[in-house]
Amino acid sequence: MKKLKLIMAVVTAFVCLNFVYGVNPKQKDFTINLGNNMVNHLCKTIHLTDSQKTVILAKAKNYEVKVKKEIKEKDNAKRKSNTKLAINEYRNFLNDILTQEQKDTLNLKRIERLNNINDKN
């Protein structure tokens with residue numbers, strides 16, 4: 001009988017620990033290496049030259065800093081507007097730096113991704 005009580009106590013402890021960690025899971029910070037990930041994704045999607053990589057990486061790092069700053073913003077409306085501004089600034093920069101062929105390929109990939117999302121929903 002004592003062994004049964006001991007086993008039940010151990011099992012109960014493990015179940016309770018799962019509830020404790022399940023209630024507040026640790027969230028990953030998506031902004032870690034965001035700039036590098038953006039440039040690597042672009043390299044896979046559209047083939048960038050070395051000079052384009054360095055210039056875009058600098059701008060992507062700047063974008064990463066802005067996003068990290070906006071995450072801490074308390075006012076939702078202000079955060080959304082500033083984030084949209086940062087996104088538009090980055091996209092306009094890409095439009096200035098990329099060749100027409102690269103822009104077309106990037107737009108096609110975006111459309112494909114949106115179509116895949118719409119098909120899943």
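Quick summary incoming for the structure in this document. These numbers come from a predicted model, not from an experiment. (Residues numbered from 1 in each chain as written. Predicted model: local features only at pLDDT ≥ 70, side-chain atom pairs only at ≥ 80, totals over all residues. Heavy atoms only, no water.)

## Quick look at the packing of aromatic side chains
In total, this model carries 1 aromatic pair according to the counting rule given. Lying over the aromatic face of Phe-93, Lys-59 brings its terminal NZ or CZ to 5.5 Å of the ring centre. (Phe/Tyr/Trp six-rings, centres within 6.5 Å; stacked < 30°, edge-to-face > 60°. Lys NZ or Arg CZ within 6 Å of the ring centre and 35° of its normal.)

## Describing helix H3 (residues 50-71)
Under the 1.5 Å per step criterion, the end-to-end length of H3 is 31 Å for 22 residues, consistent within 8% with the ideal 32 Å. Looking at H3, one finds that the buried residues are Gln-52, Ile-56, Lys-59, Ala-60, Tyr-63, Glu-64, Val-67 and Glu-70. The buried residues of H3 all sit within an arc of 165 degrees when viewed along its axis, so they share a single face. Opposite the buried face of H3, by more than 90 degrees, sit the exposed residues Asp-50, Thr-54, Val-65 and Lys-69. In this structure, the buried residues of H3 make contact with helix H2 (34-45), helix H4 (76-97) and helix H5 (100-120). (Helix = DSSP H or I, 4+ residues; strand = E, 2+ residues; numbered from the N terminus. Expected span 1.5 Å × (residues − 1). Buried < 20%, exposed > 50% of the residue type's maximum accessible area, 1.4 Å probe, protein only. Arc of directions from axis to C-beta. Contact = heavy atoms within 4.5 Å.)

## Some points on the layout of surface pockets
By volume, the largest pocket is sized at about 300 Å³. Every residue along the wall of the largest pocket is listed here: Met-38, His-41, Leu-42, Thr-45, Tyr-63, Ile-87, Tyr-90, Arg-91, Leu-94, Leu-106, Arg-110 and Arg-113. If you list the elements that add at least two residues to the lining of the largest pocket, you get H2, H4 and H5. Residue composition of the lining of the largest pocket, grouped by class: 7 nonpolar, 2 polar and 3 charged. (1 Å grid on protein atoms, 1.4 Å probe; cavity = no way out; pocket = protein on both sides within 12 Å on 5 of 7 lines; lining within 4 Å. Points joined across faces, edges and corners; volume = space filled by probe spheres on them. Nonpolar A, V, L, I, M, F, W, Y, C, P; charged D, E, K, R; others polar.)

## Comments concerning empty space enclosed by the protein
Summary: where empty space remains is shown by rolling a probe the size of a single water molecule over the atoms. This model, assessed by the stated rule, comprises 1 cavity of 30 Å³ or more. Within this model, the largest cavity holds a volume of roughly 30 Å³. Elements represented by at least two residues in the lining of the largest cavity include exactly H3 and H4. Per element, the largest residue contribution to the lining of the largest cavity is 4 residues, and it comes from H3.

## Here's the deal with the packing of H2 against H5
Packing of H2 against H5 leaves a shortest axis separation of 10 Å and a crossing angle of 100 degrees. With respect to their mutual orientation, H2 and H5 come out roughly perpendicular. Each of His-41, Leu-42 and Thr-45 in H2 lies in contact with H5, whose residues at this interface are Thr-105, Leu-106, Lys-109 and Arg-113. When grouped by side-chain class, the residues that make up the contact of H2 with H5 number 2 nonpolar, 3 polar and 2 charged. (Axes fitted to C-alpha atoms, helices over the stretch in contact; angles between N-to-C directions. Parallel < 35°, antiparallel > 145°, perpendicular 65-115°, else oblique.)

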